[in-house]
Amino acid sequence: MPDFNDGFLGVPARPGKPREVGVTHVIDKGLNLRDIEGLFDTAGQFVDIVKFGWGTSYVTNNLEKKIALYRSFETPVVCGGTLFEAVYGRGRMDDFKAWLVEHRFSHVEISDGTLEIPREEKLELIVDFARDFTVLSEVGSKDSDVVFAPYQWVEWINEELAAGAWKVITEGREGGTAGIFRSDGDMRTGLLDEIAHGVPIENVLFEAPTKSSQAWFVKHFGPNVNLGNIPPDEVIPLETLRLGLR
């Protein structure tokens, strides 16, 4: 898809799809086929990857049709990391890989936000899956009471990139209440500055489900910051933030 056609306002340059920077990662919590068609009719130019939230992909009746529809719009889909963790906790990794291949997933998310995976084992899983899939790994806990030091975030993100992750996601939950956020929704801005200082920012995907967090990221890191867990009805509003039109 071509770059955004500026027109006459002199807005910031935005690369066309497929993008490596300025990625908008959208969460699908159970969209139907008509919803998907409407999203792409209106905002498809700005949707880079879609995540089937949590384990929704496992219980969706029309999964094949949904994947085929997203594929027709040249947009990859990925299962939420919670499904990966459910698979890991049940020891069904081989079955999971076969299921991903059967449904022609090109991307996979590897996370440890709800259960503990030994550090070296998580890195080995990233290496393993990266042979056959584009890996998005995730750092941070879904428990708002768990707080990691900034140097740990930086170290873990760099390790996971070195292991083969395409992007590393910073945990924020779909409501912005954990990980890079405090339980009351306030952002851990000092942590985010440390991450930006210690990691190539183009390789990080920041979960930013709220307008205030999206605005903060665009203001601090520019229009081509990678943002995730974007609700479908926020795709165009986010793009206007990126372009300075909101």
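Because the structure is predicted, anything quoted here is derived from the model rather than measured. (Residues numbered from 1 in each chain as written. Predicted model: local features only at pLDDT ≥ 70, side-chain atom pairs only at ≥ 80, totals over all residues. Heavy atoms only, no water.)

### Some words on the packing of helix α4 (residues 81–90) against helix α5 (residues 93–102)
A pair of packed helices can be characterised by two numbers: the angle between their axes and the separation between those axes.
Next up, step 1: Relative to each other, α4 and α5 sit at 140°, their axes nearing to 8 Å. Classified by the angle their axes make, α4 and α5 are oblique. Residues Leu 83, Phe 84, Val 87 and Tyr 88 of α4 form the contact with α5, whose own contacting residues are Met 93, Phe 96 and Trp 99.
Next up, step 2: When grouped by side-chain class, the residues that make up the contact of α4 with α5 number 7 nonpolar, no polar and no charged. (Axes fitted to C-alpha atoms, helices over the stretch in contact; angles between N-to-C directions. Helix = DSSP H or I, 4+ residues; strand = E, 2+ residues; numbered from the N terminus. Parallel < 35°, antiparallel > 145°, perpendicular 65-115°, else oblique. Contact = heavy atoms within 4.5 Å. Nonpolar A, V, L, I, M, F, W, Y, C, P; charged D, E, K, R; others polar.)

### Observations regarding a nonpolar patch on the surface
Next up, step 1: There is a patch of nonpolar side chains on the surface, built from Phe 8, Leu 9 and Leu 245 and spanning about 380 Å² of accessible area.
Next up, step 2: Within the fold, Leu 9 resides in the segment before β1 (24–28). (Patch = residues over 30% accessible without salt bridge, like charges linked within 9 Å, V, L, I, M, F, W, Y side chains within 5 Å. Areas by Shrake-Rupley, 256 points an atom, 1.4 Å probe, with all protein chains shown as cover. Salt bridge = Lys/Arg side-chain N within 4 Å of Asp/Glu carboxyl O.)

### Notes on unusual backbone geometry
Next up, step 1: Pro 18 follows Lys 17 through a cis peptide bond whose omega is -5°.
Next up, step 2: Within the fold, Pro 18 resides in the segment before β1.

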